[in-house]
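# Coordinate analysis (summary)
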Amino acid sequence: MERYVIRGGNPLRGTVEISGAKNAAVAIIPAAILVRGVCRLENLPQISDTDTLLRVLTYMGAVVRTLNPSTVEIDCTNVHIDSLPEDIWALTRRIRASYYLIGAMLGRFGAACSTMPGGCNFGVRPIDQHIKGLTALGADVRVEGGFIQARAKSGRLKGAKIYLDKVSVGATVQVMIAAATAEGNTVIENVAREPHIVDLANFLNSMGADVRGAGTDVIKIRGKASLHGGSYALIPDQIEAGTYMAAVAAAGGSVKIANVIPKHLDCISSKLREMNVEIEEGDDFVLVSREGDLRHTNVKTMPYPGFPTDMQPQIGAVLCCAAGLSVVTEGVWDNRYKYIEELRKMGAQAQVDGRTAFIQGVDRLSGATVRACDLRAGAAVVIAGLAAEGTTRVEDIQYIERGYQDIVGKLRALGADIRCVDEPAEPPVVPSWIAG
Ligand code: EPZ
């Protein structure tokens, strides 16, 4: 079984380059289905989620050319949804973003079929707002037998005014993609404002769409009959950058985090400064340093521009090493604290009550064998391992590799003692206190 083996205690020093944004990539790749031509995507992260989606498009008849590790050309001129091979569904079941295929297929063909999405399991993840938006655009949507099927009742979607009941990244992406080629105008209110929403809008517009207002709470779209090819470079990943900022906070040291948009990191930088972490901002980098003791603080996750829920596990791991009591409140998901149980194996003092975690900082965590419960929970235990005394083994690393490009290589370049090894499960080592 492949796992990460981390010997904690090394401060991090040097420069890390941030890759393209995962949650932008997994929206933009399905959106390419709308384009009758070639989309050239640059700064694409090399992670398993993008690989999975590119394979799905290939099964649909797209031609994908890899020009270099972070640049692909996708030609969707001849994509189709008739008699798709069974193998495609094993891929769509794996990831959350596969449901964006519905909006893209509807926008291109007036009909759509995909499996219910997979993705990180932290509580109920309904899709009622996706269905509300697609129905408003004139689609008949059915969920049965583990599949989502949809058909534009008049053969082509029609623009509509849609008010999302909940701020939802997924539903916002879904409706943007579907409305881009609908007949007439669409107004979507109460939308998500994350950087990756703006990135999707910019991608669609570079392919000839007319999407305005992304980044505010109202998006207006003038539907186009079809979209043409073009080139687009994705934004850097806000959450990957935040993860490395949290790693420096936990392990100590001083690191230049390069290829970022500092504005996207404001909420994370502000919170880390409260914890006695120094952060200097450049045009396209942040310099993160932590030499003194960490201070405890409180965190409440909210939709952007609030503190991102996708940084909650990582900051939770840092707070385990901050003297005093910290209170973390999860404002987006019902149950995003599975990682706490793993950190408790490392000596963390933390209790969870519903959407709130109470974390009492300890002097030092101790290495243990832990697992990555999901993508960001996996990042949290890696961060804890970097700060812990002794050796930490992280299992189920496939979750981490869904969203972090070369995390082992990037951390090793910063001086971390981390390796990816393929070894049989180790017998548990009883701590010396009992064994004598
Ligand atoms: C996206 O998930 C991200 N995933 C998640 O990141 C992220 O945690 C989340 O947005 C919030 O930022 C991708 O972009 C692939 P939502 P998504 O729809 O779209 C409720 C990561 O770590 N809701 O914004 O599924 C929902 O239950 C991943 O990279 C409905 O009620 O999240 C939640 O409480 C994990 N009905 C809230 O809205 C719906 O139809 C926000 O969910 C849809 C959502």
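In case you missed it, the structure is sitting above this.
For the rest of this paragraph, the subject is the site of the ligand. Inspection of the region around the ligand gives 25 residues, with Gln129, Ser168, Val169, Asp310 and Val332 positioned closest. Arg125 places a side-chain nitrogen or oxygen 3.1 Å from an oxygen atom of the ligand. Interatomic distance of 3.4 Å between a backbone N/O atom of Pro126 and an oxygen atom of the ligand. Listed by contribution, the elements that provide at least two residues to the shell around the ligand are helix H1 (22–31), helix H5 (128–136), helix H6 (169–179) and helix H12 (375–387). Partitioned by chemical class, the residues of the shell around the ligand number 11 nonpolar, six polar and eight charged.

As a further point, take helix H7 (residues 195–206). Along its 12 residues, H7 runs 17 Å from first to last C-alpha, staying within 8% of the 16 Å computed at 1.5 Å per residue. Among all positions in H7, only Pro195, His196, Ile197, Asp199, Leu200, Ala201, Phe203 and Leu204 are buried.

Another point: the packing of H1 against H7. Running from amino to carboxyl end, H1 crosses H7 at an angle of 30°, the nearest separation of the two axes being 9 Å. It follows from the interaxial angle that H1 and H7 lie roughly parallel. Between H1 and H7 lies a crossing of right-handed hand. Contact with H1, carried on its side by Asn23, Ala24, Ala27, Ile28 and Ala31, involves His196, Asp199, Leu200, Phe203 and Leu204 of H7 and no other residues of that element. Each residue belonging to the contact of H1 with H7 can be placed in one class, and the counts come to seven nonpolar, two polar and one charged.

This next bit is on unusual backbone geometry. Across residues other than glycine, the phi torsion is negative in most instances, and most of the peptide bonds are trans. Omega for the bond connecting Tyr304 with Pro305 falls within 30 degrees of zero, at 15°, which places this linkage in the cis form. Looking at the element boundaries, Pro305 is found in the loop between strand E17 (298–300) and helix H10 (312–319). The phi torsion at Ser83 lies on the positive side, around 40°, for a residue other than glycine. Given a relative accessible area of 72%, Ser83 falls into the exposed group. One non-glycine residue, Asn276, lies in the positive phi region at around 75°. Note on Asn276: relative accessible area 28%, which makes it partly exposed.

Residue position: Ile235 is located in the loop between strand E13 (230–233) and helix H8 (238–251). As a C-alpha pair, Ile235 and Asn259 span 24 residues in sequence and 9.0 Å in three-dimensional space.

Within the open sheet, the four strands sit side by side as E9-E10-E12-E11. Their pairing is mixed. Among the strands making up the open sheet, the edge pair consists of strand E9 (161–163) and strand E11 (210–212). Looking at each pair of strands side by side, their axes are set apart by 15° on average, direction ignored. Examined bridge by bridge, E9 and strand E10 (residues 185–189) share three bridges and lie parallel to one another. Paired with Ile162 across the two strands is Ile188, which belongs to E10. Running at roughly 20° to strand E12 (residues 218–222), H6 makes contact with E9, E10, E11 and E12 of the sheet.

Thresholds applied
Residues numbered from 1 in each chain as written. Predicted model: local features only at pLDDT ≥ 70, side-chain atom pairs only at ≥ 80, totals over all residues. Heavy atoms only, no water. Near = heavy atom within 4 Å. Polar contact = N/O pair within 3.5 Å; in protein donor to acceptor, adjacent residues only side chain to side chain. Helix = DSSP H or I, 4+ residues; strand = E, 2+ residues; numbered from the N terminus. Nonpolar A, V, L, I, M, F, W, Y, C, P; charged D, E, K, R; others polar. Expected span 1.5 Å × (residues − 1). Buried < 20%, exposed > 50% of the residue type's maximum accessible area, 1.4 Å probe, protein only. Axes fitted to C-alpha atoms, helices over the stretch in contact; angles between N-to-C directions. Parallel < 35°, antiparallel > 145°, perpendicular 65-115°, else oblique. Left-handed = near helix turned anticlockwise from the far one by under 90°. Contact = heavy atoms within 4.5 Å. Pairing = 2+ DSSP bridges.

These results come straight from atomic positions and should not be treated as a statement about function.
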